[in-house]
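Coordinate analysis (summary)
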Amino acid sequence: MALCVGIWILLLALRIQAGSGQMVQMDPSKSGFVGSQVELRCIFINSNPPVKISQVTWQKLLNGTKQNVAIANPALGVSVLPPFKERVSFKQAAVRHRTPSLEDTTIVFSSLQLSDEAAYICEYTTFPAGNRENMVNLTVYARPLTRMTLTTPTIVARAQKRKMTVATCVSVNGKPPSVIRWDTRLKGEATFQENHNPNGTMTIRSNYVVIPSRETHKQKLTCIVTYRNEKITDSVVLNVQYEPEVKIEGFDGNWYLNRQNVQLTCRADANPPVTIYQWKLLNGSLPSNVEIKNNTLFFKGPVTYDLAGTYVCDATNSIGTRTGIVDVNITENNLRTSSKKFKSPISPTTTGKTTQEPSTPAPIIGGVVGGVALLAIAAILLYVFLRRRQRTFKGDYSTKKHVYGNGYSKAGGLSNPPMPKSLQYPDDSDDEKKPAQIGGPGFQAGERDFDHESDDLKKPYFTVDEGESREYDERTLAFQYDTEPEIADDMISQTDGSVISKKEWYV
């Protein structure tokens, strides 16, 4: 069809160019919706001098076949042919006058139908110029009907957790076809189906599939249909029926002897609501002091060990029955005020869930205090160790060998003179020992044996290098310790009687 239309447009263009100035003006295309009204413009531009218009003919071109729609003749008048007679008319009233004016022969389509979609030719028959024509393409759109429905008024959540279609969104008889999408918080999936109708329209269907559950109850589901530049929305709220979700409240893990006013309450989330609550105690019967009111157990009087056990609550609605369980244990003392217990009690377990009370901070505080004390002790031990280490000699005696007046070097070696056989000290003195005599036959030590003018005796010490240039004799080793030798400011006395430089001490 498109090829035929193209050929006709080309032929018309060639015929217009071959004319002597006459032209038929039309819009290249027009469109409208089913049931609406549309105008197809056709205006003849006459030449100078003007030609005579003998007749104007409107034709429908469909699949290469022409069909007459309307004819305007100056002598015979106006004629609209079936099936357009009731819906097509000439816009200008002058066309219908006894002496008509046929320069403007625009026609009006009312109540458009899908079958009106085609190419329309406006042809002028003139004398003596011959025929002149032009063409317009008419497109007819069909706005779809959209609707959204629940697949079933009652959606039931089953234990098998099977997927099911909960809602359907349909766009019917649309041209061009519409686009459907879903907007929801549900974790489901959408399916799509397209159907081509005989009249050229399309029907789009989309189903939303989800697993019904307690979580899907009261969830909003919105269908958005986009048709050309329009958006059409429709929403539903799911009503999902499900079995009761049961839990038992009231046991806080601290039921102690003689506690008053304790109770257990059976809570159930269900749609429709629970109609029957049933209480029982596993492996036994309910205590005699229990009073049942609706979904609550009231324990009259003080708590005793008889209240301990596993309590069961069965909740039933029209969908099914579910059970809640709690283990009740009785303690001798109040766990929250007793200083003998540090472990917090465990709260009741309902349908497999457990919670725990916050533990007492006493162990935490004790641990912090103990840690601080250990750190303080470690710091004191480290300080003592460093102080002792600082006082320990780290130098090298061989770095500088100081030889004192008695001929011994600091390194402990013997100087040039030989060591005498023995030194004798008085037995009755606890003071610093002074040599009385030096062994050897006939040798007596005294002040007369020393040269008081000798420079060697005036020095507290001299170096090995100085000693090597001197000659030693026996008197070098024979002197009495009358007075304590003076120690220079940069020297430090040692426990063996020697002194060393401070530089060597703190190396």
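Just so it is clear, the structure is predicted and the values come from calculations on it, not from any experiment.

As for the side chain of Lys60
In this fold, Lys60 is placed in strand S5 (residues 52-62). Buried charge Lys60 goes without a salt bridge, the closest partner of opposite sign being Asp116 at 5.1 Å. At 2.8 Å, the side chain of Lys60 forms a polar contact with the backbone oxygen of Ser115. When near neighbours in sequence (up to four residues on either side) are disregarded, Lys60 contacts Thr65, Lys66, Gln67, Val69, Phe84, Ser115, Asp116, Ala118, Ala119 and Tyr120.

Examining the nonpolar core
Of all hydrophobic cores here, the largest spans 29 residues; its most connected members are Leu40, Trp58, Phe109, Tyr120 and Tyr124. Put simply, the parts of the chain that give this core at least two residues each are strand S3 (38-40), S5, strand S6 (65-73), strand S8 (88-90), strand S9 (107-109), strand S10 (118-127) and strand S11 (130-141). Among the elements that line this core, the one with the most residues is S10, at four residues. Within the second largest apolar cluster, 22 residues are counted, among which are Ile248, Val274, Val303 and Val326.

A short note on the pattern of salt bridges
Under the criterion given, the structure shown has 17 salt bridges. Lys247 is the partner of Glu249 in a salt bridge, and the nearest nitrogen-oxygen pair spans 3.8 Å. Among the residues examined, Lys247 registers a relative accessible area of 45% and is labelled partly exposed. Among the ionic pairs, Glu249 bridges to Arg267, the shortest N-O distance being 3.2 Å. With Glu249 in strand S20 (residues 240-249) and Arg267 in strand S22 (residues 262-271), this pair connects stretches of sequence that are 18 residues apart. On the basis of relative accessibility, which here comes to 33%, the residue Glu249 falls in the partly exposed class. In the salt-bridge network here, residues are joined through shared partners; they are Arg214, Glu215, Glu245 and Asp269.

Thoughts on the confidence of the model for the chain
Across the chain, pLDDT averages 77, with 66% of residues at or above 70. For the stretch residues 339-363, pLDDT sits under 50, and the model shows 41 contacts to residues farther than four places along the chain or on other chains. Every residue in residues 393-482 is under pLDDT 50, and counting partners more than four places away or in other chains gives 106 contacts.

Thoughts on the environment of Glu117
Note on placement: Glu117 falls in the loop between S9 and S10. Residues Glu117 and Asn137, 20 residues apart in the sequence, show an inter-C-alpha distance of 7.9 Å. Not counting residues within four places of it along the chain, the set of residues in contact with Glu117 comprises Leu62, Leu138, Thr139, Val140 and Lys175.

Considering the sheet that holds strand S15 (residues 179-184)
Strand order in the open sheet made by the three strands is S15-S18-S19, with antiparallel pairing throughout. Either end of the sheet is taken by a strand with one partner, and the two such strands are S15 and strand S19 (230-237). Shown here is a sheet whose adjacent strand axes are inclined to one another by a mean of 20°, direction ignored. Summarising the sheet, S15 and strand S18 (residues 220-227) pair through six bridges and their orientation is antiparallel. Considered in S18, the bridge of Val179 is made with Thr226.

Quick word on a nonpolar patch on the surface
The grouping of Ile380, Tyr383 and Val384 at the surface amounts to a nonpolar patch, some 310 Å² of accessible area in total. Looking at the element boundaries, Tyr383 is found in helix H2 (residues 362-391).

Points about the environment of Arg87
Assignment of secondary structure puts Arg87 in the loop between strand S7 (77-80) and S8. According to the relative accessible area criterion, Arg87 is buried, its value standing at 12%. Between the C-alpha atoms of Arg87 and Gln37, which are 50 residues apart in sequence, the distance is 9.4 Å. Setting aside residues up to four positions removed in sequence, Arg87 forms contacts with Val108, Phe109, Ser110, Ser111, Leu112, Gln113 and Asp116. Separated by 2.7 Å, the side chains of Arg87 and Asp116 make a polar contact.

Some thoughts on the state of the cysteines
Considering all chains together, one arrives at three disulfides under this definition. Paired by a disulfide, Cys42 and Cys122 hold their sulfur atoms 1.9 Å apart. As the torsion about the S-S bond is roughly -80°, the Cys42-Cys122 disulfide counts as left-handed. One end of the pair, Cys42, is in the loop between S3 and strand S4 (43-45); the other, Cys122, is in strand S10, and 80 residues separate them in sequence. Both residues of the pair, Cys42 and Cys122, belong to the buried class. Shown here is the disulfide that connects Cys169 with Cys223, its sulfur atoms set 1.7 Å apart. As the torsion about the S-S bond is roughly -70°, the Cys169-Cys223 disulfide counts as left-handed. Remark: Cys223 occurs in strand S18 and Cys169 occurs in strand S14 (residues 164-174); sequence separation between them is 54 residues. Pair check on accessibility: Cys169 and Cys223 agree, each one buried. If you count the bonded cysteines of the chain from the N-terminus, they pair up as 1-2, 3-4, 5-6.

Rules used throughout
- Residues numbered from 1 in each chain as written.
- Predicted model: local features only at pLDDT ≥ 70, side-chain atom pairs only at ≥ 80, totals over all residues.
- Heavy atoms only, no water.
- Helix = DSSP H or I, 4+ residues; strand = E, 2+ residues; numbered from the N terminus.
- Buried < 20%, exposed > 50% of the residue type's maximum accessible area, 1.4 Å probe, protein only.
- Lys, Arg positive; Asp, Glu negative; His and termini not counted.
- Salt bridge = Lys/Arg side-chain N within 4 Å of Asp/Glu carboxyl O.
- Polar contact = N/O pair within 3.5 Å; in protein donor to acceptor, adjacent residues only side chain to side chain.
- Contact = heavy atoms within 4.5 Å.
- Core = buried A, V, L, I, M, F, W, Y, C linked by side-chain atoms within 4.5 Å.
- pLDDT = per-residue confidence, 0-100.
- Pairing = 2+ DSSP bridges.
- Axes fitted to C-alpha atoms, helices over the stretch in contact; angles between N-to-C directions.
- Patch = residues over 30% accessible without salt bridge, like charges linked within 9 Å, V, L, I, M, F, W, Y side chains within 5 Å.
- Areas by Shrake-Rupley, 256 points an atom, 1.4 Å probe, with all protein chains shown as cover.
- Disulfide = S-S within 2.5 Å.

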